[in-house]
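Letter by letter, the chains look like this.
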Amino acid sequence: MVISSIDIMQGKAVQLRQGREKVLERDDPLSLAEEFDRYGEICVIDLDAAMDKGDNHVLISKILKLGQCRVGGGVRTVDRARELIALGSRKIIIGSTAFEHDEINIGFLSQLAREIGRDQVIIAVDARDQEIVTRAWTHGTGLCLLSAVTQLEHYCNELLFTCVQREGCMQGIDMELVRKLRNIARCRLTVAGGVSSIGEIQQCARLGCDVQLGMALYTGKIGLADAFIESLNWKNDLIPTITQDQDGRVLMLAYSNKDSIRRAFSTGKMHYFSRSRQELWFKGRTSGNTQTLIRMRADCDQDALLAVVEQEGHACHRGSYSCFH
């Protein structure tokens, strides 16, 4: 899975280099959320809250209505985590609060996992030279990243690893360290910091890691459609695609190739690959029963797709709303 970043500072979406130097600024975080949601979950970080310089609570509440998000930045209490879940956040990202007095904050993490559920907790392991750093990356904890992972995954469903010295620099992922982490961690692992090419996304996908995009996405070096496509597990040229409406009703099963997925993203209308005709298939081209793409997601193994659509008319060629009527 490819995850898009929206880091919020003073009501704007920003990109920082190594957490300090502001490189980019966008004043349209809501439109960014609408766009990014088509391709995957969105990572929303309240930088002001993380740095104790205020918060962007109202804006984040609006973003949560537009897309499937994971939220972090200044989440220091279980009550705040519970509030964000109630507002619609799918997962909560815990950073500095996971580490107190340069030790893993077992009491807080245990309570958090117990009260909001371990499956909804992501722990951010931000590291510089394999040392976990906190407090907006200004404080070295002395904790070794590789040693801490096995303890941390008892309290979360996912780890978010950021290579601090490469963050915002687009110098490439520290793939050797990612491999070491993947060999140690049994939970889900998302990699961020320095991602600069589609090739790196492919390598991470082969390792079973998700990738979080920031600077490379905002500068246009990596496009989300290509990133989404190349993060999939292509066992052959086709991938099964389940199509579902906004209310969760399954409409049909079809097959997609890279061209049909790319066309669906670029046009906003579902395209598939017809196995019988051996050609690209624009759903509803002749019948008028088109499907407007809302979002596309991959399954846990990245080898099947779920397309959520707005169905015009009926989906089944026999006249039923669903092929599974």
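Each remark here, short or long, concerns the structure printed above.
These figures come from a predicted structure and were not determined experimentally.

Let us now look at the packing of aromatic side chains. What the rule picks out here adds up to four aromatic pairs. Both rings, one in Phe228 and one in Phe265, keep their centres 5.3 Å apart while their planes meet at 80 degrees; by these two values the pair is edge-to-face. With Phe228 in helix α10 (residues 224-230) and Phe265 in helix α11 (residues 258-267), this residue pair connects regions lying 37 residues apart in the sequence. Accessibility classification places Phe228 together with Phe265 in one group, the buried group. Between Tyr272 and Trp281, the ring centres sit 5.2 Å apart and the planes meet at 45 degrees, which makes this aromatic pair tilted. Tyr272 gets classed as buried once you look at its relative accessible area, which sits at 0%. Through successive ring pairs, a cluster of aromatic residues spans Tyr39, Phe228 and Phe265.

Quick look at the nonpolar core now. If you look at the biggest cluster of nonpolar residues, it comprises 85 residues, and the most contacted ones within it are Leu159, Phe161 and Leu213. Residue contacts for Phe161: discarding those within four places in its chain leaves Val125, Ala127, Leu145, Leu177, Val178, Leu181, Leu189, Thr190, Val191 and Ala192. Core analysis: the next-biggest nonpolar cluster, separate from the first, contains 13 residues, Met1, Ile3, Leu16 and Ile122 among them.

Before going further, it helps to examine helix α4 (residues 78-87). Quick reminder: α-helices carry 3.6 residues per turn. Residues three or four places apart thus point the same way. Along α4, the positions that sit buried rather than exposed are Val78, Arg80, Ala81 and Leu84. Down the axis of α4, the smallest arc covering the buried residues is 165 degrees, so these residues share one side. Turned more than 90 degrees from where α4 packs its buried face, Asp79 and Ala86 sit exposed. Summarising the contacts, the buried residues of α4 are in contact with α3 (57-64), β5 (69-72), β6 (91-94) and α5 (106-116). Where α4 ends, the next residue or the one after it, Gly88, has phi of about 125 degrees, a positive value.

Definitions and cut-offs
- Residues numbered from 1 in each chain as written.
- Predicted model: local features only at pLDDT ≥ 70, side-chain atom pairs only at ≥ 80, totals over all residues.
- Heavy atoms only, no water.
- Phe/Tyr/Trp six-rings, centres within 6.5 Å; stacked < 30°, edge-to-face > 60°.
- Helix = DSSP H or I, 4+ residues; strand = E, 2+ residues; numbered from the N terminus.
- Buried < 20%, exposed > 50% of the residue type's maximum accessible area, 1.4 Å probe, protein only.
- Core = buried A, V, L, I, M, F, W, Y, C linked by side-chain atoms within 4.5 Å.
- Contact = heavy atoms within 4.5 Å.
- Arc of directions from axis to C-beta.

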